[in-house]
Amino acid sequence: MIYKNAPENQAESYTTTAMVFHWLMALGLVGNFAFGTYMHELPLSPQKLQYYSWHKWAGISLLGLVTLRLAWRLVVRPPALLPAPAWQQKVAHLLHALLYILMFAIPLSGWMMSSASGFP
C-alpha cells in the first residue's frame, strides 16, 4: 500500500475522518440491521414496501460509505499497533480484513437478492 505519510511520520492516533467513518458505519450497520429485522415481520402493506425501499437505500449508502472508508484507509496510514505477541497481531489483521469483507458482502448480497427476487 502507498500511504500519504511515511512510516517515520506515522500518527499516534486515528484521524478524525477515520473515526467518523468508523462510527457512521457502526451506527448505520446496527441501525439498518435492526430496521430490517423489524420490517421483516410486518404484514405485506404499502408501508412495508416503503420500509423495504428505505432499507435498500440505507444498504446502498453503507456500501458507498465503506468504499470511501477503505479508500481513506489505503491512503492514510493508521497508527502503529500496540505491543502484542505476533500471533495476536496476525489475528487482529485477519479479523480486520474479515470485517471489511463483511461490510462489502452484506450490502452486495442484499442488492443481489433484491435484484433477483423482484420483491419488493
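The structure presented is a predicted model; accordingly, all values stated were derived computationally and were not measured. Numbers given for residues are sequential positions, taken from 1 along each chain in its written order. Totals for whole chains, interfaces and linings use every residue, but because this is a predicted model, local features are given only for residues with pLDDT of at least 70 and side-chain atom pairs only at 80 or more, for both listing and counting. Neither water nor hydrogens contribute to the side-chain values; these are computed over all heavy atoms in the structure.

A. Just the overall build of the protein chain, in detail. Helix and strand definitions follow DSSP, with helices as H or I runs of at least four residues and strands as E runs of at least two, each counted in order from the N terminus. Secondary structure summary: the protein chain contains 3 helices and 0 strands in total. Going from the N terminus to the C terminus, the protein chain shows its helices and strands as α-α-α. Think of it in three bands: residues with accessible area under 20% of the maximum for their type are buried, residues over 50% are exposed, and the middle band is partly exposed, with areas taken using a 1.4 Å probe on protein chains only. Counting the 120 residues in the protein chain, one finds 19% classified as buried. Contacts were defined at the residue level, with two residues in contact if any of their heavy atoms lie within 4.5 Å. Contacts in the protein chain between residues at least 24 apart in sequence constitute 78% of all its contacts with a sequence separation of at least 6. Computed by Shrake-Rupley with a 1.4 Å probe, the accessible areas treat only the displayed protein chains as cover when residues are assessed. Within the structure as shown, the protein chain displays about 8800 Å² of accessible surface, and the carbon and sulfur contribution to it stands at 73%.

B. Quick look at the side chain of R69. Take R69: it is sitting in helix α2 (residues 46-75). Pairs of N or O atoms are called polar contacts if they sit within 3.5 Å, as long as, within protein, a hydrogen donor faces a hydrogen acceptor (for residues adjacent in sequence, only side-chain-to-side-chain pairs). A polar atom in the side chain of R69 sits 3.2 Å from the side chain of Y100. Setting aside its immediate chain neighbours within four residues, R69 contacts F21, H22, M25, Y100 and M103.

C. Just the environment of L65, in detail. If you trace the backbone, L65 turns up in helix α2. Given the relative accessible area of 17%, L65 is considered buried. Through-space distance from the C-alpha of L65 to that of F104 is 10.0 Å; in sequence the pair is 39 residues apart. Beyond its immediate stretch of four places on either side in the chain, L65 contacts F21, L24 and M25.

D. Fine view of the environment of V20. Take V20: it is sitting in helix α1 (residues 16-40). A C-alpha to C-alpha distance of 9.4 Å links V20 and R69, two positions 49 residues apart in sequence.

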